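This is what each chain is made of:
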Amino acid sequence: MIGAEMQAMEYQQAAWVAHDRDVPPPDASVLSTASFEVIERYGDLDLPRAAQKAVAAEARRRSRLHRDGVTDALAWVALLLPALAGVVTMGVLLAP
């Protein structure tokens, strides 16, 4: 966890350097999941507005990826259940 907190602090410092140089904030997608959770957990973490927007956009992207993964898993279950039912039915019908 200490590594995640260090990475979050490094992101914060890099965000302020970018702000001072008037360039876009660092890419929040390079943050590890643990570091990203540190930044989200400490909502009062001192970040420039542009970095806050970048973190919020990354949170939406990661949330969407998670939802899409769940949706994919549910779609596979929906496809496999009828196939399994068909196999069981054929086994019953063809049994001696």
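A brief report on the enclosed structure follows. Note that the structure is a prediction, hence the values are computed from the model and not measured. (Residues numbered from 1 in each chain as written. Predicted model: local features only at pLDDT ≥ 70, side-chain atom pairs only at ≥ 80, totals over all residues. Heavy atoms only, no water.)

1. Here we look at the nonpolar core
Here's step 1: Residues A4, A8, Y11, A15, A28, L31, F36, V38, I39, L47, A51 and V55 constitute the largest nonpolar core, which totals 12 residues.
Here's step 2: Every element with two or more residues in this core is listed here: α1 (2-20), α2 (33-41) and α3 (49-94).
Here's step 3: Sort the elements by how many residues they give to this core and α1 lands first, with four residues.
Here's step 4: Here A15 is in contact with P26, L47, P48 and A51, once residues within four sequence places are set aside. (Core = buried A, V, L, I, M, F, W, Y, C linked by side-chain atoms within 4.5 Å. Buried < 20%, exposed > 50% of the residue type's maximum accessible area, 1.4 Å probe, protein only. Helix = DSSP H or I, 4+ residues; strand = E, 2+ residues; numbered from the N terminus. Contact = heavy atoms within 4.5 Å.)

2. A word on α1
Here's step 1: The terminal C-alpha atoms of α1, which comprises 19 residues, lie 27 Å apart, in line with the 27 Å expected from a rise of 1.5 Å per residue.
Here's step 2: Taken as a whole, α1 has its buried residues at A4, A8, Y11, Q12, A15 and A18. Viewed end-on, α1 has its buried residues packed into an arc of 130°, placing them on one side of the element. Opposite the buried face of α1, by more than 90 degrees, sit the exposed residues I2, G3, Q13 and D20.
Here's step 3: Taken from the residues just after α1, D22 is the one with a positive phi, measuring 60°. (Expected span 1.5 Å × (residues − 1). Arc of directions from axis to C-beta.)

3. A look at unusual backbone geometry
Here's step 1: Positive phi, normally seen in glycine, also occurs at D22, with a value near 60°.
Here's step 2: On the accessibility criterion, D22 (70% relative accessible area) is exposed.

4. Digging into a nonpolar patch on the surface
Here's step 1: Together, I2, M6 and M9 make up a nonpolar patch on the protein surface, roughly 320 Å² of accessible area in all.
Here's step 2: As for its placement among the helices and strands, M6 is situated in helix α1. (Patch = residues over 30% accessible without salt bridge, like charges linked within 9 Å, V, L, I, M, F, W, Y side chains within 5 Å. Areas by Shrake-Rupley, 256 points an atom, 1.4 Å probe, with all protein chains shown as cover. Salt bridge = Lys/Arg side-chain N within 4 Å of Asp/Glu carboxyl O.)

5. Concerning the pattern of salt bridges
Here's step 1: Per the stated rule, a full pass over the model turns up two salt bridges.
Here's step 2: R61 is the partner of E58 in a salt bridge, and the nearest nitrogen-oxygen pair spans 2.7 Å. Of this pair, E58 and R61 both sit in helix α3, three residues apart, which is roughly one turn of the helix.
Here's step 3: In this structure R61 comes out as partly exposed when scored by relative accessible area, which is 32%.

6. What to know about the environment of A54
Here's step 1: Residue placement: A54 occurs in helix α3.
Here's step 2: Sequence separation of A54 and A28 is 26 residues, and the distance between their C-alpha atoms is 6.3 Å.
Here's step 3: For A54, the contacting residues outside a window of four places in its chain are Y11, P25 and A28.

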